Amino acid sequence: MSRIALIAGAGSLPAELAARLEAPLICAPAGVQPVGLTVDQVFHFERLSPFLRALGDRGIETVALVGAIHRPRLDPALFDRETAALVPDLLAAMRGGDDAALRWIIGLIEEYDLRVAGLGELAPDLLAGEGVLGARAPTEAERADAERGRSVLAALDAVDVGQGCVVASGLCLGVETLYGTDAMLEDVARHRAEREPQAGGVFVKRAKAGQDLRADLPTIGPGTVLAAATAGLTGIALQAGRVVVLDRKGVLAAADAARIALWAEP
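Throughout this document, residue positions are counted from 1 along each chain, in the order its sequence is written. For this predicted model, a pLDDT threshold of at least 70 governs which residues receive local features, and a threshold of 80 or more governs which side-chain atom pairs are given and counted, while totals over whole chains, interfaces and linings are taken from all residues. Where side-chain values are given, they derive from all heavy atoms of the structure, hydrogens and water being excluded.

(A) Quick peek at the packing of helix 8 (residues 181-191) against helix 9 (residues 222-230). Orientation is described by axes fitted as lines to C-alpha atoms, over the contacting stretch for helices, and by angles from 0 to 180 degrees between their N-to-C directions. Working definition: helices are DSSP H or I runs of at least four residues, strands are E runs of at least two. Numbering for both runs from the N terminus. Contact geometry of helix 8 with helix 9 gives a least axis separation of 8 Å together with a crossing angle of 20 degrees. For the element pair helix 8 / helix 9, the angle class is roughly parallel. Crossing of helix 8 over helix 9 shows left-handed handedness. Along the contact surface, helix 8 presents T181, L185 and A189, while helix 9 presents T224, A227, A228 and T230. Under the scheme applied here, ten amino acids are nonpolar (Ala, Val, Leu, Ile, Met, Phe, Trp, Tyr, Cys and Pro), four are charged (Asp, Glu, Lys and Arg), and all others, including Gly, are polar. Taken together, the residues of the contact of helix 8 with helix 9 break down into four nonpolar, three polar and no charged. Working rule for angles: under 35 degrees goes down as roughly parallel, over 145 as roughly antiparallel, 65 to 115 as roughly perpendicular, anything else as oblique. By definition, any crossing whose near helix is turned counterclockwise from its far helix by less than a right angle is left-handed, and any crossing with a clockwise turn is right-handed. Only heavy atoms enter the contact rule, under which two residues are in contact if any of them lie within 4.5 Å.

This is how it looks when you write it as structure tokens:
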């Protein structure tokens, strides 16, 4: 079996995946240090073509994209000629949203005869399974808020905005944007006292419809649960098989301690 290369971003997800694989090659963009991993190869986006070709030369056949990688600031002085020729297409893809940019990058990787594998293939145990995950089942009101949240996110799919939202008593209190889940939950917490409902509600986290599930899967961890509790929420509804649960024991312990209903459904 060929060796797998992990193109690793920030956070603990790359390490959780690496622990489930046999001696993967850990690669990371310059300036990014995955938590708990030693990086074998640093690369620059401005020299993406030589980097991908070098993976094939090292016998790599499969690549996994894991962890948070923010849009880089590109340095014109670092470009090689081959990668520079790709910039107009990359910029056009980036204007289409995160999913469009990731699809473009995945397509480019495949042009170098590398296969891109997702977590559903490599580590399905990291994904939320269907059903009630914590000690408390959701109430009917919480399930209704989750359904409303699914509708909100479905309406945003076409414009490639966010993978999460907060709904309380049927009212949408926040939508995840480029700044991410933590920023949304912090904003909800900051404004809860300003109007009713001042407590309760559900954080809904789902993949975008039509999203390429080999990259940028929605993710929660213990910190997400604590942020939801700080925002006065009483439920977290995930999409089964489409949301990564980091440090599952920590997530369940935090949810149970805060009396937050945590469940996953299709």
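(B) Representation of the packing of aromatic side chains in the model. Between the rings of Phe, Tyr and Trp (Trp by its six-membered ring), a pair exists once the centres lie within 6.5 Å; its type follows the angle of the planes, with under 30 degrees stacked, over 60 edge-to-face, and the other angles tilted. One pass over the structure, following the stated rule, counts two aromatic pairs. Summarising the aromatic geometry, the rings of F43 and F45 are spaced 5.5 Å apart at their centres and angled 70 degrees between planes, so their arrangement reads as edge-to-face. By relative accessible area, F43 is classed as buried at 4%. Only protein chains enter the area calculation, which uses a 1.4 Å probe; residues under 20% of their type maximum are buried, those over 50% are exposed, and those in between are partly exposed.

(C) Examining the pattern of salt bridges more closely. The rule for a salt bridge is simple: a side-chain nitrogen of Lys or Arg has to be within 4 Å of a carboxyl oxygen of Asp or Glu. Across all of its chains, the model carries 13 salt bridges by this definition. Put simply, R20 and D125 hold a salt bridge, and the shortest N to O gap is 2.8 Å. A residue pair is termed long-range when its members are at least 10 positions apart, and R20 in the loop between helix 1 (13-18) and strand 2 (25-29) and D125 in the loop between helix 6 (119-122) and strand 6 (131-132) qualify at 105 residues. On the basis of relative accessible area, D125 is assigned to the partly exposed category, the value being 45%. R115 serves as the salt-bridge partner of E121, at 2.9 Å between the closest nitrogen and oxygen. The exposure class assigned to E121 is partly exposed, which follows from its relative accessible area of 45%. Among the ionic contacts, a cluster of salt bridges with common partners joins R143, E147, R150 and E265.

(D) Local environment of the environment of R190. Along the polypeptide, R190 turns up in helix 8. Separated by 40 residues in the primary sequence, R190 and T230 have C-alpha atoms spaced 9.3 Å apart.

(E) Fine view of the environment of V32. Residue position: V32 is located in the loop between strand 2 and strand 3 (41-43). On the accessibility criterion, V32 (23% relative accessible area) is partly exposed. Spatially, the C-alpha atom of V32 lies 9.3 Å from that of A68, the residues being 36 residues apart in sequence. If we ignore the near neighbours within four places in the chain, the residues touching V32 are A8, G9 and A10.

(F) View of unusual backbone geometry. The omega angle of the peptide bond from E196 to P197 is -5 degrees, so this bond is cis rather than trans. By secondary structure assignment, the location of P197 is in the loop between helix 8 and strand 9 (202-205). With phi around 60 degrees, D113 is a residue other than glycine that occupies positive phi space. Assessed through its relative accessible area of 70%, D113 is described here as exposed. If you check the backbone angles, D160 has positive phi at about 55 degrees while not being a glycine. For D160, the position within the fold is in the loop between helix 7 (140-156) and strand 7 (164-168). Residue classification places D160 among the buried positions, given a relative accessible area of 14%.

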